[in-house]
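Spelled out from the first residue to the last, the chains are:
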There are 2 protein chains.
Amino acid sequence: MSTGLERFSINQMTVKQLSLPELVAACAESGVPGVGLWREPVQAYGVEAAAKLVRDAGLTVTTLCRGGFLTATDPAERAAALADNRRAVDEAATLGTDTLVLVSGGLPPGSKDLHGARERIADALAELGPYAESHGVRLAIEPLHPMYAADRCVVSTLAQALDLAERFPAHQVGVTVDTYHIWWDDHAPEQIARAGAAGRIHTFQLADWTTPLPEGVLNGRGQIGDGAIDMREWKGYVEAAGYTGAIEVELFNEELWAREGREVLAETAARFVEHVIR
Amino acid sequence: MSTGLERFSINQMTVKQLSLPELVAACAESGVPGVGLWREPVQAYGVEAAAKLVRDAGLTVTTLCRGGFLTATDPAERAAALADNRRAVDEAATLGTDTLVLVSGGLPPGSKDLHGARERIADALAELGPYAESHGVRLAIEPLHPMYAADRCVVSTLAQALDLAERFPAHQVGVTVDTYHIWWDDHAPEQIARAGAAGRIHTFQLADWTTPLPEGVLNGRGQIGDGAIDMREWKGYVEAAGYTGAIEVELFNEELWAREGREVLAETAARFVEHVIR
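Predicted, not measured: the structure shown is a model, and the values here were computed from it.

Asks: Break down the overall build of chain A for me, citing the residues and quoting the values.
Replies: Looking only at helices and strands, chain A has 11 helices and 10 strands in total. The principal-axis extent of the C-alpha atoms belonging to chain A is close to 50 × 40 × 40 Å. Counting every position in chain A, which comprises 278 residues, the buried fraction comes to 58%. Taking the intrachain contacts of chain A between residues at least 6 apart in sequence as the baseline, contacts between residues at least 24 apart amount to 82%. Accessible surface for chain A amounts to roughly 10100 Å². Of this, 52% is attributable to carbon and sulfur atoms. Looking at chain A, you have 24 positive and 39 negative side-chain charges, and the mean spots of the two groups are 2 Å apart.

As structure tokens, this is what we get:
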């Protein structure tokens, strides 16, 4: 009998209060088959050790978050960013995931040049795409909500992300479809179709939109079902575009982080079944 | 000799710490020729009295803010919103401005239906457009930044605003072009051209984008020159589209509100000349 969790993946940040072994144990307990991992806690645990831990537990690593931050103009900063992204690819390969999520980066201090920043991302992808391919990893450009355009990610829509991705082969560069960032965009459904037709939907992530937004607007991603987003509708769009992969729930939310992590995981899995699958 | 302020208009909210007579006196003192007024302080002062005050001072009322909030599903709420918008048109006509800015409204409580909300706005405009025309007033749909889509305005892009406006004659319904809401959008320049070609740029407003955003994201509109937006570039787009009207600076900013209002007005006028005109 289906549990409804067959395609569910929990992004590690959703329950960052859990250590990696606690997370793996909680997934086994709740019947969660997939995890999206983050570089910092994985590095702290040890990349090889983390890979063995999740592999031994039979968990699928659906994505590694995250590479990116490719908009610097300073040559030394730029070289450091590229080197760091190559390490991220190496880590993804070691963890056994085929997808590295990219948050592209904001405007350099004092700059007002969005177009130039977007072009520097393309230049970086030309170097990183082949490197990723040679390690069996695909890069997934994540358009972030336009409220992050200045300080975090100058790629604000799926259309912009695809304009960048389409300069490269689909098995090198695709996109992340995350409901939180695109739900307001009436052109997003047609862009999902565009992405799917080219095999460029490399991951599908969910978070709900709740208000008021907190100061800094980073940690207000709402629990599934608590906000304004029709999750079934967006699942329908990616499925109509041919996406059959994992569906990852990625929440940054101070209230959820203050609670017991296993309870949050169980709640998130239940919400997923209620609002996405059933 | 040009002061650089010939097209400058100060939106009343920028210096809301000033009473209406104080604002009018400060404008005379700083050589500011235009004001954008808000309904609440104007009503508190008396609409006729406010009209006389600004007229006697030789000030141009560039806009009245704001009508809108047209997305309710409840019939009584909807009728009340339409009646309130007719009053806003009356007030605009009394004040001698030809432009009423509309903030369209967010999702009704519990709703996830952006498309339906946008259609209810169109239905309301069909009633309000002819009423406004008969009073010599144009409605200016303001697309608000996508971060307001759930709770304040389901119209998030210039393209969406024009899709709505174009169902009606340009002298009834056009758009507000506000840098704060559209600066991230790489399609906005072509949409400004679309709006200008049809005579639908009914007002042009400025605010800069500064981070971090404050809680609730309402009162973080940055002083001109403090943020990520290239004001001359956007002025260039509206002028290339044929716009020759007033340029209104509208800031909601707790730090500016805490300061002496005349000083803020003088600073804003100076920033306008420095970052927009010279």
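Still to come is the rest of the account.
Asks: Can you tell me about the relation of the copies chain B and chain A, naming the residues and giving the values?
Replies: Turning one copy of the chain about an axis and sliding it along that axis gives the other copy, so a rotation and a shift relate them. Mapping chain B onto chain A calls for a screw motion: a turn of 180° about the axis and a shift of 0.0 Å along it, with 0.0 Å RMSD after fitting. Seen this way, the second copy is the image of the first under a two-fold rotation axis. Identified as the residue of chain B closest to the rotation axis by C-alpha distance is Glu215 of chain B, at 1.9 Å. A high fraction, 100%, of the interface residues of chain B reappear at the interface in chain A, so the copies pair face to face through one surface.

Asks: Which residues make up the sheet that holds strand β3 (residues 60–68) of chain A, and what are the values?
Replies: Residues and elements named next belong to chain A. Pairing in this closed barrel of 8 strands is parallel, and the strands run β1-β2-β3-β4-β5-β6-β7-β10 around the ring. Neighbouring strand axes in the sheet, compared pairwise and without regard to direction, differ in orientation by 30° on average. Summarising the sheet, strand β1 (residues 8–11) and strand β2 (residues 34–38) pair through 3 bridges and their orientation is parallel. In the strand pairing of β2, Asn11 is matched with Gly36. Along the sheet face, helix α5 (residues 114–134) touches β4 (99–103), β5 (138–141) and β6 (173–178) and points at about 140° away from the line of β5.

Analysis parameters
Residues numbered from 1 in each chain as written. Chains lettered and ligands numbered in written order. Predicted model: local features only at pLDDT ≥ 70, side-chain atom pairs only at ≥ 80, totals over all residues. Heavy atoms only, no water. Helix = DSSP H or I, 4+ residues; strand = E, 2+ residues; numbered from the N terminus. Buried < 20%, exposed > 50% of the residue type's maximum accessible area, 1.4 Å probe, protein only. Contact = heavy atoms within 4.5 Å. Areas by Shrake-Rupley, 256 points an atom, 1.4 Å probe, with all protein chains shown as cover. Lys, Arg positive; Asp, Glu negative; His and termini not counted. Charge placed at Lys NZ, Arg CZ, Asp CG, Glu CD. Least-squares fit on C-alpha atoms with pLDDT ≥ 70 in both. Pairing = 2+ DSSP bridges. Axes fitted to C-alpha atoms, helices over the stretch in contact; angles between N-to-C directions.

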